[in-house]
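Examination of the molecular architecture
Chain by chain, the residues:
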Amino acid sequence: MTREMEFRDRSIIVIGGTSGINRGIAEAFAESGAKVAVASRSQEKVDDTVAALKDRGAAKALGAAFDVRNPEAVAAGLAGFNAELGDFDVLISGAAGNFPALMSEMSVNAFRTVVEIDLMGTVHVMKGAYPYLKKPGASIVNISAPQAYLPYEGQAHVCAAKAGVDQITRTLSMEWGGEGVRVNSVVPGFIDGTEGAKRLAPTEEIRQQVLDSVPLGRMGLPDDVANMCLFLSSDLATYVSGCVINVDGAVYQRGSGYLGQQMGDMLRAMRKSN
Ligand code: NAP
Ligand code: COA
C-alpha cells in the first residue's frame, strides 16, 4: 500500500476554483503536478487562475467560464474538460454565494439565488460530471459550510442550501459507491482573508471575536482546506466516503455561538438606523 499522496498527471476539476478557498485547492493540486481545470462565471478570473496554475507546476491547466445555475452550460463546460483531460480523477464542487440577510427582509428571489448557486449548482456539477468520473477511483469533494448543521441568524438561505449539499454527499456516497466513486464534504472553518469571511465578519472587532473563539488559536488558511482535499482525494483515503469533515480548528464544537446571534443583532441594528 502506498503512503504517498500522488497526483502527477491526474485530472482534477475545481468548480468555483478562481478565488479564495477553492483557488487554494486548485493551486495545491497544481503544485502536485496534476492536470487542473477550473471554472467560474468570470472569464477574467478564470484566465488569471489558469496562468497561476501553470506557474505552480500543473501538468496542464485550463478553464471555462460558466454559471453553475445553468445545467446546460455546466454540462457543456465539463464535456470540454473531459475532451482535454480525459476522465476525472477528482471533482471539487465549491461555487457558492452568500450575504447576510434576515428572512423577513430578503426577497424570495434572494433566498432562491443562494439555493440555486449552492445546492442546485452542486446538483448540476455532480450530474454533469457523472459520465466522466473515473470508475472506479474518482473522488468528489463538496465544499460545505458550518451553516449545514448549525443555525445562524441572517443565514437561513445558506443553512438550507448547505444542509442539502451534505445530504447529497451522504446519499451519493451510497448510490455511486458501487461504481467505486467516493463522495465527501469538507466544512471549512473561518478562513481568513476570503470573501466568505469578509461577508460574515465585516469588521475587525467581529473578526477578533471569531479568532478568540477558535480553540486552536488561529484563523484557518486556504491551505488547511486544500490539504484535506488532497488527502481525501489521494490513495491514502480509498476507504473514506460519505463523510462530512470539519477543517476548523475545532471552533464549531462550540456551536454557532457568538456568530449565530451576532449577525442577526447586526442586521436588526442596521434596520433601526435606516
Ligand atoms: P469566493 O472567493 O467568493 O469563491 C467563490 C467561487 O465560486 C469563486 O470562484 C466564484 O467566481 C465562484 N462562483 C460564485 N458564484 C458562482 C456561480 N453562480 N457559478 C459559477 N461559479 C460561481 O468564496 P470563499 O469564501 O473562498 O468560499 C469558497 C467556498 O468555501 C464556498 O463554497 C463557501 O461556502 C465555503 N466556505 C467558506 C468559508 C470562509 O471562511 N470563507 C467558510 C465555510 C465555507 P466568480 O465570481 O467568477 O463566479
Ligand atoms: N441582502 C439581501 N438581498 C440580497 C443581497 C443582500 N446583501 N444581495 C443580493 N440580494 C438579492 C438581490 O436583491 C436579488 O433579489 P431581487 O431580485 O428580489 O432584488 C437576489 O438576491 C439576486 O441578486 P443578484 O445581485 O441579481 O444576484 P447575482 O446572481 O448577480 O449574484 C450573489 C449572486 C448575490 C450571491 C452575489 O453576492 C455573488 O455573486 N456572490 C459570489 C461570491 C460570494 O458570495 N462569496 C462568498 C462565498 S461563501
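The structure contained in this document is the topic of the report that follows. This structure is a prediction, so every number in the text was calculated from the model and none was measured. (Residues numbered from 1 in each chain as written. Chains lettered and ligands numbered in written order. Predicted model: local features only at pLDDT ≥ 70, side-chain atom pairs only at ≥ 80, totals over all residues. Heavy atoms only, no water.)

A few points about the side chain of Ser11
With respect to the secondary-structure elements, Ser11 resides in strand E1 (residues 11-15). For Ser11, the contacting residues outside a window of four places in its chain are Lys35, Leu85, Asp87, Phe88, Asp89 and Val90. (Helix = DSSP H or I, 4+ residues; strand = E, 2+ residues; numbered from the N terminus. Contact = heavy atoms within 4.5 Å.)

Topic: the site of ligand 2
Looking at ligand 2, there are 15 residues lining it, with Arg69, Asn98, Ser107, Asn109 and Arg199 nearest. At a separation of 2.9 Å, an oxygen atom of ligand 2 approaches a polar side-chain atom of Arg69. Between Arg199 and ligand 2, the recorded distance is 2.8 Å, taken from a side-chain N or O atom to an oxygen atom. Breaking the shell around ligand 2 down by element, the ones donating at least two residues are helix H4 (108-129) and helix H6 (195-200). The dominant element in the shell around ligand 2, judged by the number of residues it contributes, is H4, at four residues. Tallied by class, residues from the shell around ligand 2 come to five nonpolar, six polar and four charged. (Near = heavy atom within 4 Å. Polar contact = N/O pair within 3.5 Å; in protein donor to acceptor, adjacent residues only side chain to side chain. Nonpolar A, V, L, I, M, F, W, Y, C, P; charged D, E, K, R; others polar.)

A short note on the pairing of strand E2 (residues 35-40)
Each regular strand carries side chains that alternate between the two faces of the sheet. Buried residues dominate E2, accounting for six of its six residues. Residues Lys35, Ala37 and Ala39 of E2 are buried on one face, and the alternating residues Val36, Val38 and Ser40, pointing to the opposite face, are buried as well. Handedness of the crossover joining E1 and E2 through helix H1 (residues 20-31) is recorded here as right-handed. Bridging between E2 and strand E3 (residues 60-65) involves six bridges; their strand directions are parallel. Within E3, the residue paired with Ser40 across the bridge is Ala65. In terms of handedness, the path from E2 via helix H2 (residues 43-55) over to E3 forms a crossover that is right-handed. (Buried < 20%, exposed > 50% of the residue type's maximum accessible area, 1.4 Å probe, protein only. Right-handed = clockwise from strand over helix to strand, strands pointing away. Pairing = 2+ DSSP bridges.)

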